[in-house]
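The residues making up each chain are set out below.
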Amino acid sequence: MEQGICFEPCANGAAGMHAATSSFSGACDSANASGRTVANMSNRAVANAPDRAGVKCGGRPFDASRPPLFHISDASVVRAGKTILHIDDFRLAEGEKIAVLGPNGAGKSTFIKLLTREVMPLHRDEAPVVFRGNARPTLADIKACFGVVSSSMHDQISVHLPVIDIVCGGFFGTLGLPRGVQASAAMRDTARDALDRLGIFDLADRDVLTLSTGQVRRVLVARELVHDPQVLIFDEPCTGLDPQGMYHMRKTMCELADEGCGIVLVTHYPEDIIPAIDRLVLMKDALVYADGAKEELLADGVMSDLFEAPLHVESHDGWYALRGVFA
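This structure is a prediction, so every number in the text was calculated from the model and none was measured.

Procedures and definitions
Residues numbered from 1 in each chain as written. Predicted model: local features only at pLDDT ≥ 70, side-chain atom pairs only at ≥ 80, totals over all residues. Heavy atoms only, no water. Helix = DSSP H or I, 4+ residues; strand = E, 2+ residues; numbered from the N terminus. Buried < 20%, exposed > 50% of the residue type's maximum accessible area, 1.4 Å probe, protein only. Areas by Shrake-Rupley, 256 points an atom, 1.4 Å probe, with all protein chains shown as cover. Salt bridge = Lys/Arg side-chain N within 4 Å of Asp/Glu carboxyl O. Expected span 1.5 Å × (residues − 1). Arc of directions from axis to C-beta. Axes fitted to C-alpha atoms, helices over the stretch in contact; angles between N-to-C directions. Parallel < 35°, antiparallel > 145°, perpendicular 65-115°, else oblique. Left-handed = near helix turned anticlockwise from the far one by under 90°. Contact = heavy atoms within 4.5 Å. Nonpolar A, V, L, I, M, F, W, Y, C, P; charged D, E, K, R; others polar. Core = buried A, V, L, I, M, F, W, Y, C linked by side-chain atoms within 4.5 Å.

*Asks:* Is there a simple way to think about the overall build of the chain in this case?
*Replies:* Each helix and strand in the chain was counted, giving 9 helices and 11 strands. For the chain, the residues scored as buried account for 53% of the 327 residues in total. Carbon and sulfur atoms make up 50% of the accessible area of the chain, which amounts to about 14,000 Å² in all.

*Asks:* Help me understand the pattern of salt bridges in this model?
*Replies:* Side-chain pairing between opposite charges can occur once the charged atoms of the two side chains come close. Scanning the model with the defined rule gives 13 salt bridges in all. Residues Glu 96 and Arg 279 are paired through a salt bridge, measuring 3.2 Å at the closest nitrogen-oxygen approach. Of this pair, Glu 96 sits in the loop between β2 (82-92) and β3 (97-101) while Arg 279 sits in strand β8 (residues 279-284), placing them 183 residues apart in sequence. One salt bridge in this structure joins Glu 314 and Arg 323, with 2.8 Å as the shortest N-O distance. The class for Glu 314 is partly exposed, based on a relative accessible area of 37%. Owing to a relative accessible area of 42%, Arg 323 belongs among the partly exposed residues under this scheme. Because the salt bridges share partners, they merge into one network encompassing Glu 96, Arg 279 and Asp 291.

*Asks:* Looking at this structure, how should I read helix α5 (residues 185-197)?
*Replies:* Every α-helix carries 3.6 residues per turn, so stepping three or four residues along brings you back to the same face. Counted at 1.5 Å a residue, the expected span for α5 with its 13 residues is 18 Å, and the 18 Å between its end C-alpha atoms agrees. Listed in full, the buried residues belonging to α5 are Ala 191, Ala 194 and Leu 195. The buried residues of α5 all sit within an arc of 100° when viewed along its axis, so they share a single face. Exposed positions of α5 whose direction lies more than 90 degrees from the buried face are Ala 185, Ala 186 and Asp 193.

*Asks:* Explanation requested: the environment of Glu 271 in the structure shown.
*Replies:* Its place among the elements puts Glu 271 in the loop between β7 (262-267) and β8. Using a relative accessible area of 10% as the deciding quantity, one classes Glu 271 as buried. Here the alpha-carbon distance between Glu 271 and Met 246, two residues 25 residues apart in the chain, equals 9.6 Å.

*Asks:* Whenever I open this one, the packing of helix α6 (residues 213-225) against helix α7 (residues 243-259) confuses me. Can you help?
*Replies:* The description of two packed helices rests on the angle between their axes and on the distance between the axes. Following both chains from N to C, one finds α6 and α7 inclined at 20°, their axes separated by 8 Å at the closest point. If you check the angle between α6 and α7, you find them roughly parallel. Crossing hand, α6 versus α7: right-handed. Contact with α6, carried on its side by Gly 214, Arg 217, Arg 218, Val 221 and Leu 225, involves Gly 245, His 248, Met 249, Thr 252 and Leu 256 of α7 and no other residues of that element.

*Asks:* Hey, could you run me through the environment of Ala 127 in this one?
*Replies:* Topologically, Ala 127 is positioned in the loop between α1 (108-116) and β4 (129-131). Between the C-alpha atoms of Ala 127 and Ile 72, which are 55 residues apart in sequence, the distance is 8.6 Å.

*Asks:* Teacher, can you tell me more about the packing of α5 against α6 here?
*Replies:* In the contact formed by α5 and α6, the axes pass within 9 Å of each other and the chain directions differ by 130°. What the angle tells us is that α5 and α6 run oblique. Crossing of α5 against α6: the hand is right-handed. In contact with Ala 194, Leu 195 and Arg 197 of α5, α6 contributes Val 219, Ala 222 and Leu 225. Its residues assigned to classes, the contact of α5 with α6 comprises 5 nonpolar, no polar and 1 charged.

*Asks:* Whenever I open this one, the nonpolar core confuses me. Can you help?
*Replies:* In globular proteins that are soluble, nonpolar side chains generally tend to be buried together. Counting residues in each nonpolar core, the largest one holds 57 residues, and the members touching the most others are Leu 195 and Phe 234. In this structure, Leu 85, Val 119, Phe 131 and Cys 145 belong to the second largest nonpolar core, which totals 30 residues.

*Asks:* I would appreciate a short explanation of α6 in the present structure.
*Replies:* Between its first and last C-alpha, α6 extends 19 Å over 13 residues, near the 18 Å set by a 1.5 Å rise per residue. In terms of residue burial, α6 counts as a mostly covered element, since 11 of its 13 residues are buried. Buried within α6 are the following residues: Gly 214, Val 216, Arg 217, Arg 218, Val 219, Leu 220, Val 221, Ala 222, Arg 223, Glu 224 and Leu 225. Looking at the buried side of α6, the elements it contacts are β5 (146-150), α3 (151-155), α4 (163-168), α5, β6 (231-235) and α7.

Below, the structure written as C-alpha cells:
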C-alpha cells in the first residue's frame, strides 16, 4: 500500500538559529569545461563519472565498481493528494557536477529535498531512492555526504554572532553554536582554514550582521566545508546578490569543483552554471523535462520551451547567458 509523504529533519541541520548563538567570465580558468555529447542521459552510466584521484573537499576517487551516489527510480512525492514531483529514472555519479534548471514551481526544491531526505517518496516494494547501493541509508549517512548552501538559510541569520561561530555551527548542524556549547580549539582552527580557503579569513571575528550579502553567502559555504562533504548543493546561491557577490559565489563554485567536490547547482539562470558543470537536468511541471549535455540543452528552442518565453542563449568561454527576444 502506498503511504503519503513524511518529513524528516533537514539534512543540513539548519532548521533554525539559536538565540544565544550579466555573464560571468574568467573566474576559474582551471575548471574542467569539457562537456559530454550524450543527448539523453537519463540512464547515464556510472562509467561516465569524472576520473579524479587524491581530491580535496571530501571527494572520492572514481571507482567503476561502485554504484552511483544516487539512483532514483519511479519516485513520487505527494502532498495533499497531489503529486508535486515524479522522477522516472535518475542517476548521480560520485563526484559528478550537474545543474538543475527550471522555472518557479517546477519541482526543483522538492527534488533536492528528495536527495537530502527532507521529504520521502511514496513507499514502493522496490526502494525508489537508493544511496550508494543502500536502499535504507540513515539520515547521518546523507548528512555526512552533503553540504547545502541556500539563500533561504541566509534568511535565518537574524542575531549578532561572530562569523567564526557561524562556521563552527557546521559541526553541530546549527547556525551558530548550540546553547551552552563551546567550539574546541581544533574546531576553530578548521573553521578558520575553511574561511581561508574561500579568501575570507579576515572576516572570522566580524559580526555576521555587519557583512554584505555576498560575504555572508560565502561564510555559509565555509560552514559546510568544516565537515568535509563529498557533494555541495548550491540552492539558488546567487539570489539577492549584487554583481560582485555573484562573481565571488561563482568563483567559489569553480574552485571547489576544481578540487574535486561534487556539485549540484539549483538555479533559474544559465549565468550561474560554471564551466565544470557539463550535465543539465531540466525540470518543468514536477517532472524531469530533459536530462543531458549542457551544450545541447542550453539552446534557444529548449530554453524557450522550458520557460515558455522567447529566449536567446549566448555563450563565451564556457559561460552562458540568457536574454529575452523582443519583437
